[in-house]
Amino acid sequence: MAGLEDLYKEIILDHYRNPRNKGELETPPAHKAEGFNPLCGDEIVVYVDIDDDGVIQDIATGGQGCSISQSSASMMSAAVKGKSIEEALAITDGFKAMMSIHESGLESEKADTKPDLSMGDLSALKGVVKFPVRIKCAVLSWNTLLQALGDAARPS
Amino acid sequence: MSLDIAQIKADFPLLSREINGKPLIYLDSASSSQKPAAVLDAMDHYYRHSNANVNRGAYQLAVEATDALEGARAAIARFIGAPNAHEVIFTKNATEAMNLFAQSWGRSNLSEGDVVVLTEMEHHANIVPWHMLVQALGIELRWIPITDSGELDLTDLDRLIDGAKLVSVTAMSNVLGTLNPIRRIADAAHAVGAVMLTDGSQYVPHLPTDVTELGVDAMAFTGHKMLGPTGIGVLWGTTELLEAMPPFLGGGDMIMQVTKDGFTTNDLPHKFEAGTPAIAEIVGLGAAVEYLESLGMEQVREHEVSLTAYAMRTLTERFGEDLTIHGPAEPAGRGGVLSLAYKDIHPHDMSQVLDQRNVCIRAGHHCAKPLMQVMGVGATARASMYVYNDEQDVDSLADAIESADDIFGLGG
């Protein structure tokens, strides 16, 4: 049985209590996207401000939800701030791949052959996979980021 | 005489289950109740002994199956004080019952600008079917507000229901536990010529129910919250109302005659029961109401009031201002549904922590998002009790809540 210490790691609780990049950005120039989890009511708002070179100059997140959705949003914002859209998409892919590894894969050697999992703070969220119900909490902000980046890529 | 809860608990096979060597503390009956052996046995016996389609064959099995179904219908009618068994219409669940009512009665009685009055504490099942008619017909929705203590604010009731065609109110809130003054609202609705519908999903399982005393014209409720199986619900309506309503689903069983040119509808209740019904589930629900009757609904209610009082007292004594219990403060004015907020721990995190101790509660918006918006919260952690819960379950809940401090470092 997975213990709570796999889920509520200190770094996750730190991001939960002291969320990075919390707030709003002016739209425009920033793009805003809202993500909802209809099952549990979590709501995430992501603002991205992208410069002419396609770099995420600034990012802010808002909304409300559990420690997993909120800390994941905080980590997401820290991970993609200052990155190009391409880099942000690659990080998102890596994170979502980490979230899609079956629980049994975590314990086996196969986990080592998966795509790059050395994701800094983000790897603290790996334990979420052991609590399948909470995976949607962890990926909500990332899907909302994709939405915001998609909106940004669209010609206005 | 008060109930022997230990003996009742023993009637529910699942409640003796252990997970990771520890007992199960089931406090999520407002979502779905557990089932006594009597219900499981009745369904098993039906399939092993009498399974056949109903209302059709002349052979012995078919007659037995039909008798079992109609026997259950009669038991359920008796259980809710319905004057006639044919007023009990079987549906998939309470949601389908509400949709049946909205699509059948609503589409044939409402048109653009007509008013339907709801309350801010409704479940989505009593909101979305009406939103669908707002979109389809252009009806207007009005909302009875709630007070800070989670009760209906009826100050402006007369103004709100003025000119209304329908008033639809939950008999008991699935979030706040509030027991609403259905009789008073029904009388007011009737005084302005409106039809009164109630959502009895949380009420019927827990309180003695008499639809005539409630004064309503129709009521929806579901089997799985009242010790019965999933997949079976009920719409009760007065004969007069149901006979005037057009059919909802078309198909077998609901017709009197079909030709290439059209059809005529069957009598109640068959008019609203197209296709082969959930026979085993109906039999199971019949067994559930007989089980509840054997305990006595007065005794069930008495136990739950006393347990709710114990829970509110225990949680308040142990956690003081760190813990908020939403809804009415007086146990006699509410059901055993306790929506909790503890410190700043999010309800999902709370339910995860409680799960470590096999304490099963529900975290989320409870399909009542407009209410969450009024309350200014995104979610609540809800512990809900039934006749098989006891004071020890409440103590386990309190211990588990306390353990959240260790995880979130909020101790001291």
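Calculation rules
- Residues numbered from 1 in each chain as written.
- Chains lettered and ligands numbered in written order.
- Predicted model: local features only at pLDDT ≥ 70, side-chain atom pairs only at ≥ 80, totals over all residues.
- Heavy atoms only, no water.
- Salt bridge = Lys/Arg side-chain N within 4 Å of Asp/Glu carboxyl O.
- Buried < 20%, exposed > 50% of the residue type's maximum accessible area, 1.4 Å probe, protein only.
- Core = buried A, V, L, I, M, F, W, Y, C linked by side-chain atoms within 4.5 Å.
- Helix = DSSP H or I, 4+ residues; strand = E, 2+ residues; numbered from the N terminus.
- Contact = heavy atoms within 4.5 Å.
- Buried area = accessible area lost by both parts, 1.4 Å probe.
- Polar contact = N/O pair within 3.5 Å; in protein donor to acceptor, adjacent residues only side chain to side chain.
- Pairing = 2+ DSSP bridges.
- Axes fitted to C-alpha atoms, helices over the stretch in contact; angles between N-to-C directions.

Student: Explain the pattern of salt bridges to me, please; I cannot follow it from the model alone.
Tutor: Proximity of charged atoms lets side chains of opposite charge pair with each other. Under the defined criterion, the tally for this structure stands at 20 salt bridges over all chains. Across the pair R17 of chain A and E10 of chain A runs a salt bridge, and its minimum N-O distance is 3.9 Å. Given the relative accessible area of 55%, E10 of chain A is considered exposed. When the shortest N-O distance is used, the salt bridge between D114 of chain B and K165 of chain B registers 3.0 Å.

Student: What is the right way to look at the nonpolar core in this model?
Tutor: Here is a general trend for soluble globular proteins: nonpolar side chains tend to be buried in one another's company. I80, V167, M196, M226 and Y388 of chain B are the most contacted members of the largest nonpolar core, which totals 81 residues. When residues in this core are grouped by element, the largest group, 11 residues, is from helix 10 (residues 279-295) of chain B. With residues up to four places along the chain from it excluded, the contact list for V167 of chain B reads V117, I161, I185, A189, A194, V195, M196 and L197 of chain B. The next biggest cluster of nonpolar side chains, apart from the first, holds 69 residues, and it includes A73 and M98 of chain A together with V359 and A404 of chain B.

Student: Help me out: how do you make sense of the interface of chain B and chain A in this one?
Tutor: Often, the extent of an interface is quoted as the loss of accessible area on bringing the components together. Contact residues are listed per partner, giving 16 residues for chain B and 22 residues for chain A. For the pair chain B and chain A, the summed buried area comes to about 1,500 Å², and 52% of that belongs to carbon and sulfur atoms. When the area that chain B buries against chain A is broken down by residue, the three leading residues are H348, Q352 and Q356 of chain B, summing to 33%. The salt bridge involving D349 of chain B is made with R134 of chain A; its shortest N-O contact spans 2.9 Å. Scanning the region where chain B abuts chain A turns up 6 residue pairs in polar contact (both at pLDDT 80 or more). Those elements that provide at least two residues to the side of chain B that touches chain A are helix 12 (347-355) and helix 14 (391-408) of chain B.

Student: Honestly, the sheet that holds strand 6 (residues 140-144) of chain B in this entry has me stumped. Any pointers?
Tutor: Hydrogen bonding along the main chain pairs the strands of a sheet, whether they run parallel or antiparallel. All names here are of chain B. An order of 4-10-9-8-7-5-6 is seen for the 7 strands of this open sheet, with the pairing classed as mixed. The open sheet is flanked by strand 4 (88-91) and strand 6, the only strands paired with a single partner. Within the sheet, the average angular offset between the axes of one strand and its neighbour, ignoring direction, is 20°. Note that strand 5 (residues 115-119) and strand 6 share 5 bridges and pair parallel. Directly across from V116, in strand 6, lies its bridge partner L141. Those strands touched by helix 7 (residues 182-191) are strand 7 (164-170) and strand 8 (195-199), and its axis lies near 155° from that of strand 8.

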